[in-house]
Amino acid sequence: MTRDSSLFNRSADAEAIAISSTSAEGSEAQTAEVRPTFRHPKAILPVPTPQAKFQHAQPGVPDTQLTREATGVLHEFSTQLLFNHSHRVFFWANELGRQMGQKYDQELLFVCAAFHDMGLVKKFSSAEDRFEVDGANAVRQFLEHHNVPAKRIQVAWDAIALHTTPGIVQYKPIEVELLYNGVGLDVLGIGYETFPDELRKNIVAQYPRVNFKQDISKAFLDGFEHKTQTAEGTCNEDICSHFIRNYKRSNFYEEIQDSPFQNS
């Protein structure tokens, strides 16, 4: 070994030690499974218990304490638009689950449908998080109040947080995929032609789509117009582009080029 290479190796070793020391400073190594599965939001927005008069599960929905209270929250604190939309999403998802022939948590699926757009409601809308995350945080708080096991809560959180995100849900628990597909059918008509015609008509008759295409678009805008940065990189960005004059989003390519790092 030459003197120069020896000096290089010692220098590299010293840098590695420095990096290791810096990365470990103030923290300890810990495997993921020993930590809590959830990190709490900066601001917790309370989910009140709905009045008893609103706690009635609709026909065809599993009749349990969880579904009655979830219906009550949706009824008392949401809108007729979202009440009908959320129920249609459940019935679409429920039928799709039946067609798949897999066992799934029907009660939890309804709770997810009831809460999936709750982040659009001002009462549950944070200043910084995506509306999907606001809804997911609300359902977690609701389920924790009822002492639902953590693994079941995580499924609900993932289902709502991912309900507008393509390409992931098919690798998550079945309830996550069913909610995503139920939303896709109701908002975008994905799977419309293959859904049983008579059942589709019955569900829409019970939960009408009055001016739905325009009103749901406006509901999306109202839900995140005060925090448009949370829509960037998502389908919600198209809502901002359509409704907000001179809306300008960040550009991912330009951000890469503007990184302060040099091309070394």
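Refer to the structure printed above.
Peer 1: Break down the layout of surface pockets for me, citing the residues and quoting the values.
Peer 2: Computed from the structure, the largest pocket encloses a volume of approximately 580 Å³. Lining the largest pocket we find 28 residues, and of these V183, G184, V187, L188 and I190 sit closest to its centre. Of all the secondary structure elements, the ones that give two or more residues to the lining of the largest pocket are α3 (80-100), α7 (174-188), α9 (212-224) and α10 (237-243). A per-element tally of the lining of the largest pocket places α7 first, with seven residues. Here the second largest pocket is characterised by a volume of approximately 300 Å³. Forming the walls of the second largest pocket are 18 residues, and the residues nearest its centre are P41, A43, I44, L45 and N137.

Peer 1: Describe the packing of aromatic side chains, naming the residues involved and giving the relevant values.
Peer 2: In this structure the tally under the stated criterion is nine aromatic pairs. Arranged with centres 4.9 Å apart and planes meeting at 80 degrees, the rings of W92 and F195 form a pair that is edge-to-face. Residue W92 is located in helix α3, and its partner F195 is located in the loop between α7 and α8 (197-206); the two are separated by 103 residues in the primary sequence. Under the relative-accessibility criterion, W92 is labelled buried at 3%.

Peer 1: Describe the packing of helix α4 (residues 106-115) against helix α6 (residues 150-161), and please don't skip the residues or the numbers.
Peer 2: Taken N-terminus to C-terminus, the directions of α4 and α6 make an angle of 40 degrees; their axes are 10 Å apart at the nearest point. Taken together, the axis directions place α4 and α6 in an arrangement best described as oblique. Judged by the sense of rotation from one axis to the other, the crossing of α4 with α6 is right-handed. Counting all contacts with α4, which are made through E107, L108, C112 and F115, the residues of α6 involved are R152, V155, A156, A159 and I160.

Peer 1: Quick one: what's the story with the pattern of salt bridges, residue by residue and with numbers?
Peer 2: Counted according to the given criterion, the structure contains 14 salt bridges. The partner of K227 in a salt bridge is D134, and the shortest N-O contact between them spans 2.7 Å. Highlighted residues: K227 in the loop between α9 and α10 and D134 in helix α5 (residues 131-145), separated in sequence by 93 residues. For D134, a relative accessible area of 5% puts it in the buried group. Through salt bridges with shared partners, one network takes in R88, D186 and R209.

Peer 1: Describe in detail the packing of α3 against α7, supporting the description with residues and values.
Peer 2: Two elements in contact, α3 and α7, have axes separated by 8 Å at closest approach and are oriented at 125 degrees. The pairing of α3 with α7 is recorded here as oblique in orientation. Crossing of α3 against α7: the hand is right-handed. Contacts from H85, R88, V89, W92, A93, L96, G97 and M100 in α3 reach I174, E177, L178, L179, N181, G182, V183, L185, D186 and V187 in α7. When the residues that make up the contact of α3 with α7 are grouped by side-chain class, the tally is eleven nonpolar, four polar and three charged.

Rules used in this analysis
Residues numbered from 1 in each chain as written. Predicted model: local features only at pLDDT ≥ 70, side-chain atom pairs only at ≥ 80, totals over all residues. Heavy atoms only, no water. 1 Å grid on protein atoms, 1.4 Å probe; cavity = no way out; pocket = protein on both sides within 12 Å on 5 of 7 lines; lining within 4 Å. Points joined across faces, edges and corners; volume = space filled by probe spheres on them. Helix = DSSP H or I, 4+ residues; strand = E, 2+ residues; numbered from the N terminus. Phe/Tyr/Trp six-rings, centres within 6.5 Å; stacked < 30°, edge-to-face > 60°. Buried < 20%, exposed > 50% of the residue type's maximum accessible area, 1.4 Å probe, protein only. Axes fitted to C-alpha atoms, helices over the stretch in contact; angles between N-to-C directions. Parallel < 35°, antiparallel > 145°, perpendicular 65-115°, else oblique. Left-handed = near helix turned anticlockwise from the far one by under 90°. Contact = heavy atoms within 4.5 Å. Salt bridge = Lys/Arg side-chain N within 4 Å of Asp/Glu carboxyl O. Nonpolar A, V, L, I, M, F, W, Y, C, P; charged D, E, K, R; others polar.

So far we have only geometry, and geometry alone does not tell us how the molecule works.
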